[in-house]
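Analysis of the macromolecular model
Residues per chain are reported as follows:
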Amino acid sequence: MGRLRSFDPDSVLDRAMHAFWARGFEATSIEDLVACTGINRASLYGAFGDKRDLFLKALQLYVQTGPIIELDPSTRKGGVRAALQAYIDQVLDLMSDGRNRGCFITNTVAEFGSQDADILAHTRIALAGVENAFDRLLRWGQQTGEVPAQADARARARLLLAAIQGLQVISKVNPDARALRQIADQAIAAALAPVS
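The structure presented is a predicted model; accordingly, all values stated were derived computationally and were not measured.

Within the protein, the secondary structure is distributed over 9 helices and 0 strands. Start at the N end of the protein and walk to the C end: the helices and strands fall as α-α-α-α-α-α-α-α-α. Its C-alpha atoms give the protein principal-axis dimensions of roughly 65 × 40 × 30 Å. By the burial criterion, 42% of the 196 residues in the protein qualify as buried. Partitioning the contacts of the protein with sequence separation of at least 6, the portion at a separation of at least 24 is 66%. Roughly 10,400 Å² of accessible area belongs to the protein as shown, and the carbon and sulfur atoms make up 53% of that amount. Between the averaged position of the 22 positive side-chain charges in the protein and that of its 22 negative side-chain charges there is a distance of 1 Å.

Following this line, the structure appears as structure tokens:
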């Protein structure tokens, strides 16, 4: 009869996610993961597979628990502008928390590009999820009158996604809070602008 696990897999995965998020895949060693999770190498491999498998699981956890939930119109009491502002505030807070980890997805895209098909598939799904959340929010705004009815919600959702991803990259080299806020404000304004 095998020994019962003496650790909480969800808690271990959360700690591993934060390690990968802060350092990236290559710069996070197995020793780093053992140290941050508090379990030995054999238990880590036994529960999660190899380092790459653990990274993929950490990436999935990030997607499931990220600020995208804030964009769900069914959970919002304010309008589209308030939802976008709350979401972007969370993103900007991550950039100014002293660690400047940015977005785990953006970091992963920058590190891997298209070198790993599985990781690329995960990042595509994650980015499509954010784009779809923006699209749903803007379509809801069209029903409430906050977004022009004739606007192309999908195109504006893609613009917001590009702006958010751009913010993440720019913050790594120029973490000027005022400049990042200007970019964010312009993206929100463009998403809600009248159709010319």
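There's more to say after this.
Residues Leu-84, Tyr-87, Phe-134 and Leu-138 are the most contacted members of the largest nonpolar core, which totals 29 residues. Mapped by element, the contributors of at least two residues to this core are α5 (80-95), α7 (117-144), α8 (153-173) and α9 (177-192). With 8 residues, the single largest contributor to this core is α5. Not counting the four nearest positions on each side in its chain, Leu-138 is found in contact with Val-80, Val-147, Ala-153, Arg-156, Ala-157, Leu-160 and Ala-191.

Turning our eyes to something else, we now look at the packing of α8 against α9. Running from N to C, α8 and α9 point in directions that differ by 175 degrees, and their axes come no closer than 9 Å. Of the possible angle classes, the one that applies to α8 and α9 is roughly antiparallel. Contacts from Arg-156, Leu-159, Leu-160, Ala-163, Leu-167, Ile-170 and Ser-171 of α8 reach α9 at Leu-180, Ile-183, Ala-184, Ala-187, Ile-188, Ala-190, Ala-191 and Leu-192. Looking at the contact of α8 with α9 residue by residue, the classes come out as 13 nonpolar, 1 polar and 1 charged.

Under the definition given, this model contains 9 aromatic pairs. Measuring from centroid to centroid gives 5.5 Å for Tyr-87 and Phe-134, while their planes differ by 85 degrees, and the two rings are edge-to-face. With Tyr-87 in helix α5 and Phe-134 in helix α7, the pair connects residues that are 47 residues apart, well separated along the chain. Accessibility assignment for this pair places Tyr-87 and Phe-134 in one class, buried.

Over its 16 residues, α9 runs 23 Å from end to end, which matches the ideal 22 Å to within 8%, given 1.5 Å per residue. Among the residues of α9, Leu-180, Ala-184, Ala-187, Ile-188, Ala-191 and Leu-192 are the ones counted as buried. For α9, the arc enclosing every buried residue in end-on projection is 125 degrees, short of the 170-degree limit, so these residues lie on one face. Facing away from the buried side of α9 by over 90 degrees, the exposed positions are Arg-178 and Gln-186. Each element contacted by the buried residues of α9 is listed here: α5, α7 and α8. With a side-chain oxygen lying 2.9 Å from the backbone nitrogen of Arg-178, the N-terminal cap of α9 falls on Asp-176.

Within the secondary structure, Asp-10 sits in helix α1 (residues 9-23). Look at Asp-10 and you get exposed, because its relative accessible area is 60%. Residues Asp-10 and Leu-61, spaced 51 residues apart in sequence, show a C-alpha to C-alpha distance of 9.3 Å.

Cut-offs used in this document
Along every chain, residues carry numbers that run from 1 in the direction the sequence is written. Two thresholds apply to this predicted model, a pLDDT of at least 70 for residue-level local features and 80 or more for giving and counting side-chain atom pairs, whereas whole-chain, interface and lining totals are computed over all residues. Only heavy atoms go into the side-chain values, all of them from the structure, while hydrogens and water stay out. Secondary structure elements follow DSSP: runs of H or I no shorter than four residues count as helices, runs of E no shorter than two count as strands, and numbering proceeds from the N terminus. Exposed residues in this analysis have more than 50% of their type's maximum accessible area, buried residues have under 20%, and partly exposed residues fall in between, with area computed by a 1.4 Å probe over protein chains only. The contact rule is simple, with two residues in contact once any of their heavy atoms fall within 4.5 Å. Methods summary: accessible areas were calculated by the Shrake-Rupley approach with a probe of 1.4 Å, and residue burial reflects only the protein chains presented. Positive: Lys, Arg. Negative: Asp, Glu. His and the chain ends are not part of the count. To locate a charge, take NZ of a lysine, CZ of an arginine, CG of an aspartate or CD of a glutamate. Residues belong to one nonpolar core when they are buried, are Ala, Val, Leu, Ile, Met, Phe, Trp, Tyr or Cys, and are joined through side-chain atoms within 4.5 Å. Each axis is a line fitted through C-alpha atoms, and for a helix only the stretch in contact is used; angles between axes span 0 to 180 degrees, taken between their N-to-C directions. When an angle is under 35 degrees it counts as roughly parallel; over 145 it counts as roughly antiparallel; between 65 and 115 it counts as roughly perpendicular; any other value is oblique. Throughout this entry, Asp, Glu, Lys and Arg are counted as charged residues, while Ala, Val, Leu, Ile, Met, Phe, Trp, Tyr, Cys and Pro are counted as nonpolar. The remaining residues, Gly among them, count as polar. Within 6.5 Å between ring centres, the rings of Phe, Tyr and Trp (the latter by its six-membered ring) count as paired, and their orientation is classed by plane angle as stacked under 30 degrees, edge-to-face over 60, tilted in between. Any helix carries an expected span of 1.5 Å times its number of residues minus one. When we speak of the arc, we mean the arc of directions from the helix axis to the C-beta atoms. N or O atoms closer than or at 3.5 Å make up a polar contact, with two conditions inside protein: a donor-capable atom paired with an acceptor-capable one, and, for residues adjacent in sequence, both atoms drawn from side chains.

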